[in-house]
Amino acid sequence: MTKSAWAVDVAHSAIEFSVRHMMIAKVKGLFHEFEAKIEADPFDLTTADIAFSIDLNSVDTRNNDRDAHLRSADFFEIEKYPTMDFQSTSITKTGDDEYNVTGNVTLRGVTHSETFKVVFEGAGKDPWGNEKVGFSVKGSLKRSNYGLTYNAVLETGGVLIGDDVAVSLDIEASRAQ
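Caption draft 1: Main features of the pattern of salt bridges. Scanning the entire structure with this criterion turns up six salt bridges. As a salt-bridge pair, Glu77 and Arg108 come within 3.6 Å of each other at their nearest N and O atoms. Here Glu77, found in the loop between helix H1 (64–71) and strand S7 (83–95), pairs with Arg108, found in the loop between strand S8 (98–107) and strand S9 (110–125); they are 31 residues apart in sequence, far enough to count as distant. Overall, the relative accessible area of 22% leaves Glu77 in the partly exposed class. With relative accessibility at 17%, the residue Arg108 sits in the buried group. Put simply, Asp164 and Lys142 hold a salt bridge, and the shortest N to O gap is 2.7 Å. Separated by 22 residues along the polypeptide, Asp164 in strand S11 (residues 161–175) and Lys142 in strand S10 (residues 131–142) bring together distant segments of the chain. Residue Lys142 is classed as partly exposed on the basis of its relative accessible area, which comes to 35%. It is possible to trace a salt-bridge network through shared partners that takes in Asp9, Lys132 and Glu172.

Caption draft 2: The pairing of S10, seen in detail. In terms of strand pairing, S9 meets S10 through eight bridges, oriented antiparallel. Paired with Gly124 across the two strands is Lys132, which belongs to S10. Hairpin connection from S9 to S10: five residues lie between these consecutive antiparallel strands, with Gly129 at a positive phi of about 85°. Examined bridge by bridge, S10 and S11 share eleven bridges and lie antiparallel to one another. Across the sheet, Lys138 pairs through a bridge with Ser168, a residue of S11.

Caption draft 3: Examining the environment of Lys138 more closely. Along the chain, the position of Lys138 falls in strand S10. Overall, the relative accessible area of 52% leaves Lys138 in the exposed class. Leave out the neighbours within four places in its chain, and Lys138 touches Phe116, Lys117, Val167 and Ser168.

Caption draft 4: Representation of unusual backbone geometry. In this model, Met22 sits at a positive phi of 60°, which is unusual for a non-glycine residue. Turning to its location among the elements, Met22 is positioned in the loop between strand S2 (14–21) and strand S3 (25–31). With a phi close to 70°, Arg62 is a non-glycine residue in the positive phi region. Tracing the chain through its elements places Arg62 in the loop between strand S6 (59–60) and H1. Overall, the relative accessible area of 77% leaves Arg62 in the exposed class.

The rules behind each value
Residues numbered from 1 in each chain as written. Predicted model: local features only at pLDDT ≥ 70, side-chain atom pairs only at ≥ 80, totals over all residues. Heavy atoms only, no water. Salt bridge = Lys/Arg side-chain N within 4 Å of Asp/Glu carboxyl O. Helix = DSSP H or I, 4+ residues; strand = E, 2+ residues; numbered from the N terminus. Buried < 20%, exposed > 50% of the residue type's maximum accessible area, 1.4 Å probe, protein only. Pairing = 2+ DSSP bridges. Contact = heavy atoms within 4.5 Å.

Below is the structure:
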């Protein structure tokens, strides 16, 4: 297959995260709104161009008060920085259908290079003849690298919120018409 444009099917895709809470559990959340630009040969991602933009206002942790706090200046500060963005810079094949995708993540006006593990899950046609591909993505970000340092020390030791945020994406995309 040759390199072509792919449109992410947001209804069949997800961007999720989890972070340690009180040193004993994990809080999970997701983002409902995001866009992507993907130019790729899905069978060989090494030449792909991948860009994502996540609408931080769409954060959902199933707790309205926590979501409002995440949107505030203590965390995302969405009035000033409404999106988190990713632009790929290099892609290395690490195994059959597996890749390390490195790129620049920008959050709260701070940009760092991050690497995510990507698995090509397969390709096929839907019942209407549209070409579809699937990918799963895993990685992590350090909150403190992006100025997300809000926290509280616990009486029993440790902190309220962990620094490492696990990130997981499940992406279904259609060949753009």
